Amino acid sequence: MSKKCIYCGCEIDESSVIDFCEKCGKGVWGERMFNTILKNMEEARERGDLYGENFQGKIE
Ligand SMILES: [Zn+2]
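For clarity, every value in this text was computed on a predicted model and none was experimentally measured.

Asks: What should I look at first to understand the overall build of the protein in this one?
Replies: Secondary structure assignment for the protein yields 2 helices and 2 strands. For the protein, the α and β elements follow one another from N to C terminus as β-β-α-α. Going through the 60 residues of the protein one by one, you find that 18% of them count as buried. Sequence separation of at least 24 residues holds for 10% of the intrachain contacts in the protein that already meet a minimum separation of 6. Total accessible area on the protein stands at roughly 4,900 Å², and carbon and sulfur atoms take up 51% of it.

Asks: How should I be thinking about the coordination of the zinc ion in this particular structure?
Replies: Any two of four tetrahedral donors ideally make an angle of 109.5 degrees at the metal, while pairs among six octahedral donors ideally make 90 or 180 degrees. Summarising the metal site, the zinc ion is bound by the protein donors C5 (SG), C8 (SG), C21 (SG) and C24 (SG), whose distances to it range over 2.3 Å. Every donor counted, the 4 donor atoms about the zinc ion form angles of 100 to 117° at the centre, which fits tetrahedral coordination. Taken in sequence order, the residues that donate to the zinc ion follow the motif C-x2-C-x12-C-x2-C. When its relative accessible area of 47% is taken as the criterion, C8 is described as partly exposed.

Here is what the cut-offs are and how they apply
Residues numbered from 1 in each chain as written. Predicted model: local features only at pLDDT ≥ 70, side-chain atom pairs only at ≥ 80, totals over all residues. Heavy atoms only, no water. Helix = DSSP H or I, 4+ residues; strand = E, 2+ residues; numbered from the N terminus. Buried < 20%, exposed > 50% of the residue type's maximum accessible area, 1.4 Å probe, protein only. Contact = heavy atoms within 4.5 Å. Areas by Shrake-Rupley, 256 points an atom, 1.4 Å probe, with all protein chains shown as cover. Donors = N, O, S within 2.8 Å, 3.2 Å for Na, K, Ca; no water. Tetrahedral: all angles 85-135°; square planar, octahedral: opposite > 155°, others 65-115°.

Right, here's the structure in full:
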């Protein structure tokens, strides 16, 4: 299942943590802010994965 950029509709990587392409993201926020958002989103996802594993461990 592929994702599409919410701004221009181009296809983006399905594993991407954001719903828009790099070009649009940088156009909206600027390169520095875009990179910061991307980093925060990836870190949040990593934390979410860790919490998921811990939660499963508690059930067992
Ligand atoms: Zn786009």
